[in-house]
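So you can see what is in the structure, the chains are spelled out below.
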Amino acid sequence: LPTLLEPSAASVLLVKPTPRWLLLLGKYLGVVLFFGVQVLLFVVLTWLALGWRTGVWDPAYLMTAPLMTLQFAIFYSFSVMLAVATRNTVACAFGTLLFFAACIAMNTARHSLVIHAGEPGYFAHVPMVVNAGYWFLPKPVDMNILLSSLLEAGNYFQQLFEMRTLLEKNAFQPVLSLVASCLFMVGSLWVAAAQFQEIDY
């Protein structure tokens, strides 16, 4: 994407009467679609191979494709925002990786504080700043928990969090988690489009 935004490439595209935001959105959707097709191909083929070898045909496994594509779309929207702001490929790549790590840390910290609230050495309540950060940022750990629940992976592998405690405290709400992450994606794209509109070539 930063290559597209370089003056030599962008000036050719901007001659066309298409609005700038639509060019950016088209590029974004094209990359997400390309990623989604690759993921779908991988998931379907592994599902067929596992089913053929084991005789277990679990349709829940197919849900990994849309969830992985959605997670990619959310973090790629942040990468688009960085691309418009910096027009630097390295900044986009490393910035997005650092942002992904920060989201994992925030998501993990919030759930750990919820589970252990009231225990010695932990806050009695989850600090407001942690809750605000949790709801504002994308939630990759929640996506992992949702996927593990769909696949009933807890029957075979140790869970990252004590899901029962999270559910008892009404601290894991998958629908709200997905909606909040999608709102972040829309916000990032809106900021990127607004910045792109202001760039002078």
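Scroll up to find the structure.
Just so it is clear, the model here is predicted, and its values are computed rather than measured.

## Quick look at the nonpolar core
Formed by 35 residues in total, the largest nonpolar core has its most connected members in L24, Y28, V80, F99 and L166. Considering every element that reaches this core, the biggest residue donor is helix α3 (residues 64-86), with 11 residues.

## Re the packing of aromatic side chains
For the structure on display, the rule yields 10 aromatic pairs. Look at Y28 and Y76: their rings are 5.6 Å apart centre to centre, the planes differ by 5°, and that puts the pair in the stacked class. Of this pair, Y28 sits in helix α2 (residues 20-54) while Y76 sits in helix α3, and the two are 48 residues apart along the sequence. Summarising the aromatic geometry, the rings of F136 and F184 are spaced 5.7 Å apart at their centres and angled 85° between planes, so their arrangement reads as edge-to-face. Remark: F184 occurs in helix α8 (residues 174-198) and F136 occurs in helix α5 (residues 128-136); sequence separation between them is 48 residues. What makes F136 exposed here is its relative accessible area of 56%. With relative accessibility at 10%, the residue F184 sits in the buried group. A network of ring pairs unites the aromatic residues F75, F78, F99, F100, F136 and F184 as a single cluster. We note K139 situated over the ring of Y134; from NZ or CZ to the ring centre the distance is 5.2 Å.

## Examining helix α4 (residues 89-116)
A rise of 1.5 Å per residue sets the reference length of α4, with its 28 residues, at 40 Å; its end C-alpha atoms lie 40 Å apart and thus fit the reference within 8%. Those residues of α4 that fall on the buried side of the exposure criterion are C92, G95, T96, F99, C103, N107, R110, H111, L113, V114 and I115. You can read the cap of α4 off the contacts: a side-chain oxygen lies 2.9 Å from the backbone nitrogen of V90, and it is on N88.

The rules behind these values
Residues numbered from 1 in each chain as written. Predicted model: local features only at pLDDT ≥ 70, side-chain atom pairs only at ≥ 80, totals over all residues. Heavy atoms only, no water. Core = buried A, V, L, I, M, F, W, Y, C linked by side-chain atoms within 4.5 Å. Buried < 20%, exposed > 50% of the residue type's maximum accessible area, 1.4 Å probe, protein only. Helix = DSSP H or I, 4+ residues; strand = E, 2+ residues; numbered from the N terminus. Phe/Tyr/Trp six-rings, centres within 6.5 Å; stacked < 30°, edge-to-face > 60°. Lys NZ or Arg CZ within 6 Å of the ring centre and 35° of its normal. Expected span 1.5 Å × (residues − 1). Polar contact = N/O pair within 3.5 Å; in protein donor to acceptor, adjacent residues only side chain to side chain.

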